[in-house]
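Residues per chain, in single letters:
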Amino acid sequence: MDLGLIPFTAKTFAARNDGTDVNYFRPQIEQMDGYTPGEQPQTGKFIKLNTNENPYPPSPAVPAAIMRAAESGLQRYPDPLATAFRLRAGEVLGVDPEWILCGNGSDDILTILTRALVGDGQWLRFPSPSYVLYQTLADLQGAAAEQVAFSADWQLTEAFYQGRDDLRLVLLPNPNSPSGTLIEADAILDLAQRVDCPVLIDEAYVDFSEQSCLPLVQQDPRIMVCRTLSKSYGLAGLRFGFLVAQPVMIDALRKVKDSYNCDALSIAGATAAIDDQAWFADNRQKILTTRSHLAGELRRLGYEVIDSSANFVWCYRHDQSVEQIYRRLKEQRVLIRYMNYPGWGEGLRISVGTDEQIAVCLQLLADVVVD
Ligand SMILES: *Cc1c(COP(=O)(O)O)cnc(C)c1O
């Protein structure tokens, strides 16, 4: 059937009228690689244990609230400050709502922070190995990314504490990914004191740990904490995260964010999610129980497993490369994350799934190791 479409012909956009070469992109954009998210297959049936999503659906109150929001008032712009969420989250966390800034996922919060704080040629520091997006955010700003390696036992080294004039922001995922390890609150207070610039604690996984840095935000105005509903509330698809910081920081950051960075449906869903603390507590317990089973079984299969404070475990082997193992599982439609960090080595990051998913994964791992 001829739809009469005009065929698309790609035209180069690299020459001026007089034929001279031109590139309209900022040099920083030309040179950067861009962030590659974990595999998100949209077809086929995979057991997905590669991007730390919650294996369980969110509280049923979430789709109900989204339906109600969808049926009333989508013709209006949403609340630019997501006040309904801030009020409820403030009660649950014991935080003044004026200390909360909401975002389209915590990735949005990270973007707002780097746009606001880190300019061309200035420095952004984060530990390595950690969240790969941080490098991309530095690249977008034309900033220099200072990656400081963790010590062998996943603690901060002296270099991480060193102040420097052009350092504008320090990012610290806590618990960290891919290791699932924690830095103690005392060390973080010490860090803020010594670097003497804003320090963001990225608490994407904190709900699966025993410690939070939230109280530190009151103790030191340089310390900020960001959270997401993607992991511990089972809402990766909704896109909702938030920052807790002193009001002076929040006020300035409001100028930088998109006016309507959270849509009406996500605000309604996120508010219902944080309101259902019974769902949250039950889900958390299930994940922690499965995590400890997974870690124990991996050790039984001869893996080195780092004690995890998150909803995944990081493991590796002394006797063989784990890259083949990742591939074999993928052939069997079980996706886990293979990572190989220059100067650090390789490992597998396995997200905590349901008990059934983890049983399938462990069985495949047992078969592969025997080979
Ligand atoms: C998953 C993750 C995020 C992003 O969360 P979203 O709210 O889904 O954007 C941020 N930081 C770390 C360390 C993460 O693992």
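From a predicted model like this one, the values you see are computed outputs, not experimental measurements. (Residues numbered from 1 in each chain as written. Predicted model: local features only at pLDDT ≥ 70, side-chain atom pairs only at ≥ 80, totals over all residues. Heavy atoms only, no water.)

**Q** Would you mind going over helix 4 (residues 106–117) with me for this structure?
**A** In an α-helix, one full turn covers 3.6 residues, which means residues spaced three or four apart are oriented alike. When the terminal C-alpha atoms of helix 4 are compared, their 16 Å separation across 12 residues agrees well with the 16 Å that a helix rising 1.5 Å per residue should span. For helix 4, the set of buried residues is Ser-106, Asp-108, Ile-109, Leu-110, Ile-112, Leu-113 and Thr-114. (Helix = DSSP H or I, 4+ residues; strand = E, 2+ residues; numbered from the N terminus. Expected span 1.5 Å × (residues − 1). Buried < 20%, exposed > 50% of the residue type's maximum accessible area, 1.4 Å probe, protein only.)

**Q** Would you mind showing me how to read the pairing of strand 8 (residues 241–244) here?
**A** Regular strands show a simple pattern: their side chains alternate between the two faces of the sheet. Of the two faces of strand 8, the one lined by Gly-241 and Leu-243 and the one lined by Phe-242 and Val-244 are each fully buried. Of the strand pairs in this sheet, strand 2 (residues 100–103) and strand 8 are connected by four bridges, and their pairing is antiparallel. Residue Cys-102 lies in a different strand from strand 8, and its bridge partner there is Phe-242. Relative to strand 8, strand 7 (residues 223–228) is paired through four bridges, and the arrangement is antiparallel. Within strand 8, the position partnered with Val-225 by the bridge is Val-244. (Pairing = 2+ DSSP bridges.)

**Q** Sorry, what's going on with unusual backbone geometry here?
**A** A negative phi holds for most residues other than glycine; trans holds for most peptide bonds. Geometrically, the link from Asn-174 to Pro-175 is a cis peptide bond, its omega value of 0° lying close to zero. As for its position among the elements, Pro-175 is in the loop between strand 5 (167–173) and helix 7 (185–195). Cis geometry marks the peptide bond from Ser-177 to Pro-178; its omega dihedral reads 15°. By the secondary structure assignment, Pro-178 is in the loop between strand 5 and helix 7. The phi dihedral of Arg-239 falls on the positive side, at around 70°, and the residue is not glycine.

**Q** What is the right way to look at empty space enclosed by the protein in this model?
**A** Where empty space is left can be seen by rolling a probe of water-molecule size over the atoms. Scanning all chains against the criterion turns up one cavity of 30 Å³ or more. In this structure, the largest cavity occupies an estimated 50 Å³ of space. Lining the largest cavity are Asp-79, Pro-80, Leu-81, Ala-82, Arg-86, Ile-100, Leu-101, Cys-102, Arg-254, Lys-257, Asn-261 and Cys-262. Sort the elements by how many residues they give to the lining of the largest cavity and strand 2 lands first, with three residues. Counted by class, the lining of the largest cavity contains seven nonpolar, one polar and four charged residues. (1 Å grid on protein atoms, 1.4 Å probe; cavity = no way out; pocket = protein on both sides within 12 Å on 5 of 7 lines; lining within 4 Å. Points joined across faces, edges and corners; volume = space filled by probe spheres on them. Nonpolar A, V, L, I, M, F, W, Y, C, P; charged D, E, K, R; others polar.)

**Q** Could you clarify how one ought to interpret the domain arrangement of the protein in this entry?
**A** Interfaces are often sized by the amount of accessible area the parts lose when they come together. Per the domain assignment, the segments making up the protein are domain 1 (47–56 + 278–370) and domain 2 (61–276). Placing the centre of domain 1 and that of domain 2 at their C-alpha centroids yields a distance of 26 Å. Taken together, the contacts link 25 residues of domain 1 with 28 residues of domain 2. Overall, the association of domain 1 and domain 2 removes approximately 2,100 Å² of surface from exposure, summing both partners, and the carbon and sulfur fraction of that is 60%. Taken as a group, Phe-280, Ser-309 and Trp-344 account for 30% of the area that domain 1 buries against domain 2, more than any other trio of residues on that side. In this structure, the connection of domain 1 to domain 2 is made through one salt bridge. Where domain 1 meets domain 2, there are 11 residue pairs in polar contact (both at pLDDT 80 or more). Counting only elements with at least two residues in the side of domain 1 that touches domain 2, the list comes to helix 11 (277–300), strand 10 (312–316) and strand 12 (337–341). (Domains from an automatic or database assignment. Contact = heavy atoms within 4.5 Å. Buried area = accessible area lost by both parts, 1.4 Å probe. Salt bridge = Lys/Arg side-chain N within 4 Å of Asp/Glu carboxyl O. Polar contact = N/O pair within 3.5 Å; in protein donor to acceptor, adjacent residues only side chain to side chain.)

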